[in-house]
Amino acid sequence: MKIRQEDSTPIGDWFHNNGVQSVFESVKNQVDEFDVDTERLANECDILINLLKGLKGQVKKVEAAWQKSQTQKKIMEAFCES
């Protein structure tokens, strides 16, 4: 589904406010090192997975709100035509 984030960018805001990119960058930087702290890497993978699940939840929330607003818009347009 494609939606337009018209007045704000709640998906982008969530992504940046919750540090998904910084955790991903940390994981990315560790995997190519010759000396890897596997415990730290595993913990950061768990954090990244949880953050991505949260992002997925935010996407679903925004989709539901968008669908609701589109339905309300159609109802109002139909009501105004009557």
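Look up: the structure comes first, before these words.
Residues numbered from 1 in each chain as written. Predicted model: local features only at pLDDT ≥ 70, side-chain atom pairs only at ≥ 80, totals over all residues. Heavy atoms only, no water.

**Q** Would you take a moment to explain the nonpolar core for this structure?
**A** In a soluble, globular protein the nonpolar side chains are often hidden away together inside. Grouped together as the largest cluster of nonpolar side chains are six residues: Trp14, Val20, Val23, Leu48, Leu51 and Leu55. Looking at this core, the elements with two or more residues in it are α2 (20-31) and α3 (38-81). At three residues, the largest contribution of residues to this core is made by α3. If sequence neighbours within four positions are ignored, Leu55 has contacts with Ile11, Trp14 and Phe15. (Core = buried A, V, L, I, M, F, W, Y, C linked by side-chain atoms within 4.5 Å. Buried < 20%, exposed > 50% of the residue type's maximum accessible area, 1.4 Å probe, protein only. Helix = DSSP H or I, 4+ residues; strand = E, 2+ residues; numbered from the N terminus. Contact = heavy atoms within 4.5 Å.)

**Q** Mind showing me how you'd approach the side chain of Gln30 here?
**A** Its location among the elements puts Gln30 in helix α2. Residue Gln30 is classed as buried on the basis of its relative accessible area of 8%. Here Gln30 is in contact with Val36, Asp37, Arg40, Leu41 and Glu44, once residues within four sequence places are set aside.

**Q** I would appreciate a short explanation of the pattern of salt bridges in the present structure.
**A** Opposite charge on two side chains lets them pair, provided their charged atoms get close. In total, this model carries three salt bridges according to the counting rule given. For Lys28, the salt bridge identified is with Glu25, shortest N-O distance 3.4 Å. Residue Lys28 and its partner Glu25 are located together in helix α2, separated by three residues, close to a single helical turn. Judged by relative accessible area, which is 40%, Lys28 ranks as partly exposed. Residue Arg40 is joined to Glu44 by a salt bridge in which the shortest nitrogen-to-oxygen separation is 3.3 Å. Highlighted residues: Arg40 and Glu44, both in helix α3, separated by four residues, approximately one helical turn. On the accessibility criterion, Arg40 (41% relative accessible area) is partly exposed. Classification of Glu44 as buried rests on a relative accessible area of 15%. (Salt bridge = Lys/Arg side-chain N within 4 Å of Asp/Glu carboxyl O.)

**Q** What should I look at first to understand the packing of α2 against α3 in this one?
**A** Each pair of packed helices gets described by two things: the angle between the helix axes and the distance between those axes. Put simply, α2 and α3 touch, their axes get as near as 9 Å, and they point 145° apart. The two elements α2 and α3 meet at a crossing, and its hand is left-handed. For the pair α2 and α3, the contacting residues are Val20, Val23, Phe24, Ser26, Val27, Gln30 and Val31 in the first and Arg40, Leu41, Glu44, Cys45, Ile47, Leu48, Leu51 and Leu52 in the second. (Axes fitted to C-alpha atoms, helices over the stretch in contact; angles between N-to-C directions. Left-handed = near helix turned anticlockwise from the far one by under 90°.)

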